[in-house]
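Chain by chain, the residues run as shown.
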Amino acid sequence: MMPQLTPVNRRKLLAMLGGSIAAPYLVRREAFAQEAWPTRQVKYVNGFPAGGATDTLSRIICQKMSDLSGQSFVVENKAGAGGVLGADAVAKSPPDGYTLGLGGIASNVLAIGSYAKLPYDPRADFTFVGGMWQLPNILVARKDLFSSDIRELLAAFKKEPKKYTYASAGFGTTLHLSGEMMNSMAGVEVNHIPYRGAAPALTDLLGGRVDLLFDNLPGSLPSVRAGQVKPVAVTSLKRIPELPDVPTMAEVLPGYAMTSWTALIGPANMKADLVAQVSALTVKALADRALQERYAELGATPWPASSAEISKFRDDEEKRLLPIMQAAGIKPG
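We now turn to the structure provided with this report. Please read all numbers here as calculations on a predicted model, not as lab measurements.

1. Let's talk about the nonpolar core
Core analysis: the biggest nonpolar cluster contains 50 residues, and F157, M182, L212 and M249 have the highest contact counts within it. L212 has contacts with L139, V140, A141, L145, L153, F157, T165, Y166, A167, V190 and L205, leaving out every residue within four places of it along the chain.

2. Side note on helix α9 (residues 272-286)
Its 15 residues give α9 an end-to-end C-alpha distance of 21 Å, which sits within 8% of 21 Å, the value for a rise of 1.5 Å per residue. Restricting attention to buried positions, one finds in α9 the residues L274, V275, V278, S279, L281, T282, A285 and L286. Looking down the long axis of α9, one finds its buried residues gathered within 160° of arc, a one-sided arrangement. Along α9, exposed side chains directed more than 90 degrees from the buried face belong to A272 and K284.

3. Some words on the packing of helix α2 (residues 53-69) against α9
At a minimum axis separation of 9 Å, α2 and α9 run at an interaxial angle of 110°. Put simply, α2 runs roughly perpendicular to α9. Pair α2 / α9 crosses with right-handed handedness. Of the residues in α9, those touching α2 at I61, K64, M65, L68 and S69 are L281, T282, K284, A285 and L286. Here the contact of α2 with α9 is composed, by residue class, of six nonpolar, two polar and two charged.

4. Side note on helix α5 (residues 150-159)
When α5 is considered as a whole, its buried residues turn out to be I150, L153, L154, A156 and F157. Looking straight down α5, one finds that the buried residues subtend no more than 160° of arc, so they occupy a single side. Turned more than 90 degrees away from the buried face of α5 sit K158 and K159, all of them exposed. Buried-residue contacts for α5 involve β4 (126-142), α6 (174-186), β7 (212-216) and β8 (229-234). Measuring from the side-chain oxygen of the N-cap residue of α5 to the backbone nitrogen of R151 gives 3.0 Å; that N-cap residue is D149.

5. Things to note about the pattern of salt bridges
As enumerated under the stated definition, the model contains 16 salt bridges in all. Linking E76 and K43 is a salt bridge whose minimum nitrogen-to-oxygen distance equals 3.9 Å. In this pair, E76 sits in strand β2 (residues 73-77) while K43 sits in strand β1 (residues 42-46), placing the two residues 33 residues apart along the sequence. A relative accessible area of 32% places K43 in the partly exposed class. The closest approach of N and O atoms between D316 and K312, which form a salt bridge, is 2.9 Å.

Conventions and cut-offs
Residues numbered from 1 in each chain as written. Predicted model: local features only at pLDDT ≥ 70, side-chain atom pairs only at ≥ 80, totals over all residues. Heavy atoms only, no water. Core = buried A, V, L, I, M, F, W, Y, C linked by side-chain atoms within 4.5 Å. Buried < 20%, exposed > 50% of the residue type's maximum accessible area, 1.4 Å probe, protein only. Contact = heavy atoms within 4.5 Å. Helix = DSSP H or I, 4+ residues; strand = E, 2+ residues; numbered from the N terminus. Expected span 1.5 Å × (residues − 1). Arc of directions from axis to C-beta. Axes fitted to C-alpha atoms, helices over the stretch in contact; angles between N-to-C directions. Parallel < 35°, antiparallel > 145°, perpendicular 65-115°, else oblique. Left-handed = near helix turned anticlockwise from the far one by under 90°. Nonpolar A, V, L, I, M, F, W, Y, C, P; charged D, E, K, R; others polar. Polar contact = N/O pair within 3.5 Å; in protein donor to acceptor, adjacent residues only side chain to side chain. Salt bridge = Lys/Arg side-chain N within 4 Å of Asp/Glu carboxyl O.

Any functional reading would require information that these geometric values do not contain.
Structure, rendered in structure tokens:
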């Protein structure tokens, strides 16, 4: 015979049933709480050396994300192969949101046309979290070069092939491609001298060991303002507010355009809710007025964009730029 349920027994039974029903919910809620990000230090891998434009801009946004999240975003410079080594380190990391890095046009597009074999798939091995910034490149000349007028320079390059040199931050970068586009479109031969990053390239330009430098605008802008180098042209379609008197390459070579863009990347297979959290923090950082002002001082434009937008943009850039690389004679090596 079933024991009769007294009021006290009923309360005990209901308490037991309530606990058993609530337990899975509490477990799920606890598990969800554990998915909050970030709860510890985040590593940000930059595939270019300290002191260059990408390093400066990266540290600005990482500091802002640290301020907003309460967790440290530590920049690790892993330079080499035009950003490939840094991107590879990100690709081979756990997809937990605690190793992120700098991706974009160099490591996720131009590397395809520069290297016969890459250690990663530029599209499939990454999660494209969101955009960070866009900026034009600039062509600068050593202070004692005979001219800084782009038309005069191109005429001299054509008259004396291979006499002059231009430096870049590395083989296969937008800076390298900027120079090769100039060579191809102008019908000139200026020798390319690749460096392991923009900072050592600028050092050699200041020392007179190379004639010209294609650089990201933030890297050379302080030297231009200080009169240490001579600005020649920018690679954007329109002149930039920071240097209104400096012409665009397109004014002399119609159709010439090269703008660097960067994306925050993580390893493939990051969970959608984690990507959303990282992306939201990035967008919030880019909306900060102080960050926007610092980027403007360096000639960079904040570029908030979703994961899907960045992925599509990368695909479109591959279709646009690889034929240009081939036409410029850049072959995978």
